[in-house]
Amino acid sequence: AQSVAQPEDQVNVAEGNPLTVKCTYSVSGNPYLFWYVQYPNRGLQFLLKYITGDNLVKGSYGFEAEFNKSQTSFHLKKPSALVSDSALYFCAVSRGFGNEKLTFGTGTRLTIIP
Amino acid sequence: GAVVSQHPSWVICKSGTSVKIECRSLDFQATTMFWYRQFPKQSLMLMATSNEGSKATYEQGVEKDKFLINHASLTLSTLTVTSAHPEDSSFYICSAISGSRGEQYFGPGTRLTVT
């Protein structure tokens, strides 16, 4: 079985400050890790993924995530937060790429304070 | 590219009626589509995997006779909620796999309210 934990339901960050949204995972074999963002009453938008290679993955809108195998973590980061980054963020894991189903975390609501 | 649409975006129906939700991949062919359900302030729960030309694979606990899935073409999958009840009210989201990229692209979701 595979699972994802997002330990923080809510994260508040002042505009311009760096932000981190935490994610840890559990999966048999090599993990395929994803971050998605959801705005109110909308579907999910893909931010970035880790499949293999460099542990630091860069994605859309200036976000990046660091894969840490020993800590089984895949935290989402951004050096300088924008008010427009306020949204619901989901971490997800699968055992493969393509047709493998995704298992999502419970989501973290990120609020950027002007 | 890789746009997924859903129709309708919002639907209200009376208890006991059926409602169909369409999921379309607009600019790519998708042999596999997924249907998710999201309750307020909760995560997405996978309901079923829909493969073109074959029967859908349902997750444990999902009633296949209640949530009918049809994937008749490489660009269209439909979810029909039969004999809907208020507890079926939820946000339903589909996703499609882009074969060339292997990534899941999500539709904007359909909010179903059963009165």
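Residues numbered from 1 in each chain as written. Chains lettered and ligands numbered in written order. Predicted model: local features only at pLDDT ≥ 70, side-chain atom pairs only at ≥ 80, totals over all residues. Heavy atoms only, no water.

Caption draft 1: Up close: the overall build of chain B. Each helix and strand counted, chain B has zero helices and eleven strands in total. Counting from the amino terminus, helix and strand elements in chain B follow one another as β-β-β-β-β-β-β-β-β-β-β. Its C-alpha radius of gyration of 13 Å places chain B within 12% of the 13 Å reference for a compact globule of 115 residues. Seen through its principal axes, chain B has C-alpha atoms that stretch 40 × 25 × 20 Å. Going through the 115 residues of chain B one by one, you find that 52% of them count as buried. (Helix = DSSP H or I, 4+ residues; strand = E, 2+ residues; numbered from the N terminus. Rg over C-alpha atoms; globule rule 2.2 N^0.38 Å. Buried < 20%, exposed > 50% of the residue type's maximum accessible area, 1.4 Å probe, protein only.)

Caption draft 2: Representation of the state of the cysteines. Scanning the entire structure with this criterion turns up two disulfides over all chains. Disulfide pairing places A:Cys23 opposite A:Cys91 at an S-S distance of 2.0 Å. Here the disulfide of A:Cys23 and A:Cys91 is left-handed, its torsion about the S-S bond being about -60°. Of this pair, A:Cys23 sits in the loop between strand S3 (19-21) and strand S4 (24-26) while A:Cys91 sits in strand S10 (residues 87-94), and the two are 68 residues apart along the sequence. Its relative accessible area of 0% is what places A:Cys91 among the buried residues. Disulfide partner of B:Cys23: B:Cys94, at an S-S distance of 2.0 Å. Taking the torsion about the sulfur-sulfur bond, which here is approximately 80°, the covalent link between B:Cys23 and B:Cys94 counts as right-handed. You can see B:Cys23 sitting in strand S3 (residues 19-25) and its partner B:Cys94 sitting in strand S9 (residues 90-98), a full 71 residues away along the chain. No difference in accessibility class separates B:Cys23 from B:Cys94, as the two residues are buried. In this structure B:Cys13 is a free cysteine whose sulfur lies 18 Å from that of B:Cys94, the closest cysteine sulfur available. (Disulfide = S-S within 2.5 Å.)

Caption draft 3: Region of the structure containing the sheet that holds strand S1 (residues 4-7) of chain B. Residues and elements named next belong to chain B. Strand order in the open sheet formed by four strands is S1-S3-S8-S7, and the pairing between neighbours is antiparallel. Single-partner strands in this sheet number two, and they are S1 and strand S7 (67-73). Across the sheet, the mean angle separating the axes of adjacent strands is 15° when strand polarity is ignored. (Pairing = 2+ DSSP bridges. Axes fitted to C-alpha atoms, helices over the stretch in contact; angles between N-to-C directions.)

Caption draft 4: Representation of unusual backbone geometry in the model. All names here are of chain B. The omega angle of the peptide bond from His7 to Pro8 is 0°, so this bond is cis rather than trans. Relative to the elements of secondary structure, Pro8 occurs in the loop between S1 and strand S2 (10-13). Located in the positive-phi region is Ser83, a residue other than glycine, with phi close to 45°. With relative accessibility at 36%, the residue Ser83 sits in the partly exposed group.

Caption draft 5: The arrangement of the pattern of salt bridges in detail. Applying the stated rule across the entire model yields six salt bridges over all chains. For the salt bridge of A:Lys77 with A:Glu66, the shortest nitrogen-to-oxygen distance reads 3.7 Å. Remark: A:Glu66 occurs in strand S8 (residues 64-68) and A:Lys77 occurs in strand S9 (residues 73-78); sequence separation between them is eleven residues. Given a relative accessible area of 38%, A:Glu66 falls into the partly exposed group. With its nearest N and O atoms 2.9 Å apart, the salt bridge here joins A:Lys101 to B:Glu59. Taken together, the residues A:Lys101 in the loop between S10 and strand S11 (103-104) and B:Glu59 in the loop between strand S6 (57-58) and S7 connect one chain to another. A relative accessible area of 35% places A:Lys101 in the partly exposed class. (Salt bridge = Lys/Arg side-chain N within 4 Å of Asp/Glu carboxyl O.)

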